[in-house]
Amino acid sequence: GIQVEQSPPDLILQEGANSTLRCNFSDSVNNLQWFHQNPWGQLINLFYIPSGTKQNGRLSATTVATERYSLLYISSSQTTDSGVYFCAPGPETSGSRLTFGEGTQLTVNP
Amino acid sequence: DTEVTQTPKHLVMGMTNKKSLKCEQHMGHRAMYWYKQKAKKPPELMFVYSYEKLSINESVPSRFSPECPNSSLLNLHLHALQPEDSALYLCASKGPQGVLVKAFFGQGTRLTVV
């Protein structure tokens, strides 16, 4: 199966700071998603980004499929950004596995 | 409506009990998933249904029994669980290939086995 490595494992920021989270994966994929899990356990899909760059407000993501990595950028961080960020790469077939990395635990302090 | 609904939100059950977890989506998705998540760990895939047929079983013990009665519903039947099965159980759904592949998760069921 696909091996997924996320870095850093933990990140502590002051409100307003910017950050970059990284996801490396071992095999070719054409389906990669970024999720945010809030402290109550809800997983929110941030991006479906098999390649290229997307932006959504203060968040943006870039996937370079040929080099097997994806980056999630968080700008002007807010306390509500705290939680765990997971990337989940997988092949693009219905019913395919979404294999999660170990995640990055982000804490944004006021 | 981009929502996956799971019930119940919390469940406490004894090791001899039988209970079921339910998951419902009305987005027309044809792939549905069960994941198990322990504290401070990523979600682990248990089962995948594709077009109402079980397509992936990640060697899950038989005390967990999935069921997909129709394209909108997914159940997980629980019987004779162990305390180590206590976890957050998450349901997800995803559209068919090439149409919509963003996955959506329910809020989960926090299961405690006593």
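Heads up: the structure comes first, above all this text.
Residues numbered from 1 in each chain as written. Chains lettered and ligands numbered in written order. Predicted model: local features only at pLDDT ≥ 70, side-chain atom pairs only at ≥ 80, totals over all residues. Heavy atoms only, no water.

## A look at the pattern of salt bridges
Residues and elements named next belong to chain B. With the rule as written, the count across this model stands at 4 salt bridges over all chains. With a closest N to O distance of 2.7 Å, Asp85 and Arg63 form a salt bridge. Highlighted residues: Asp85 in the loop between β8 (73-79) and β9 (87-94) and Arg63 in the loop between β6 (53-57) and β7 (64-70), separated in sequence by 22 residues. For Asp85, a relative accessible area of 2% puts it in the buried group. Relative accessible area serves as the criterion here: at 25%, Arg63 is assigned to the partly exposed category. Linked through salt bridges whose partners overlap, the residues forming this network are Lys36, Arg63 and Asp85. (Salt bridge = Lys/Arg side-chain N within 4 Å of Asp/Glu carboxyl O. Helix = DSSP H or I, 4+ residues; strand = E, 2+ residues; numbered from the N terminus. Buried < 20%, exposed > 50% of the residue type's maximum accessible area, 1.4 Å probe, protein only.)

## Re the sheet that holds strand β10 (residues 104-109) of chain A
Residues and elements named next belong to chain A. Read from one edge of the open sheet, 5 strands run β2-β10-β9-β4-β5, paired in mixed fashion. Taken across any chain shown, the strands that pair with only one partner, and hence form the sheet edges, are β2 (10-14) and β5 (43-48). Put simply, the sheet's adjacent strands are angled 25 degrees from each other on average, direction ignored. (Pairing = 2+ DSSP bridges. Axes fitted to C-alpha atoms, helices over the stretch in contact; angles between N-to-C directions.)

## Some words on the pairing of β6 of chain B
Residues and elements named next belong to chain B. Summarising the sheet, strand β5 (residues 44-50) and β6 pair through 4 bridges and their orientation is antiparallel. In the strand pairing of β6, Phe47 is matched with Asn57. Once β5 ends, the chain turns through 2 residues before running back antiparallel as β6, passing Tyr51 with a positive phi of about 50 degrees.

## Looking at the interface of chain A and chain B
It is common to report an interface's size as the accessible area lost on association of the parts. On the side of chain B, 27 residues touch chain A, which itself brings 22 residues to the contact. When chain A packs against chain B, close to 2000 Å² is buried across both sides, 52% of that on carbon and sulfur atoms. Here chain A and chain B share 6 residue pairs in polar contact (both at pLDDT 80 or more) between them. For the side of chain A that touches chain B, the secondary-structure elements that each account for two or more residues are β4 (31-37) and β5 of chain A. Taken together, the residues of the side of chain A that touches chain B sort by class into 8 nonpolar, 11 polar and 3 charged. (Contact = heavy atoms within 4.5 Å. Buried area = accessible area lost by both parts, 1.4 Å probe. Polar contact = N/O pair within 3.5 Å; in protein donor to acceptor, adjacent residues only side chain to side chain. Nonpolar A, V, L, I, M, F, W, Y, C, P; charged D, E, K, R; others polar.)

## As for unusual backbone geometry
Along the chain, Ser7 of chain A connects to Pro8 of chain A via a cis peptide bond; the corresponding omega equals -10 degrees. Note on placement: Pro8 of chain A falls in the loop between β1 (4-7) and β2. Cis geometry is found at the peptide bond from Thr7 of chain B to Pro8 of chain B, where omega equals -10 degrees. If you trace the backbone, Pro8 of chain B turns up in the loop between β1 (4-7) and β2 (10-13). Of note, the phi angle at Ser76 of chain A is positive, near 45 degrees, even though the residue is not glycine. Following the sequence through the fold, Ser76 of chain A ends up in the loop between β8 (69-74) and β9 (83-90). Its identity as a non-glycine residue notwithstanding, Lys40 of chain B has a phi of 60 degrees, on the positive side.

Geometric values such as these leave the question of function open.
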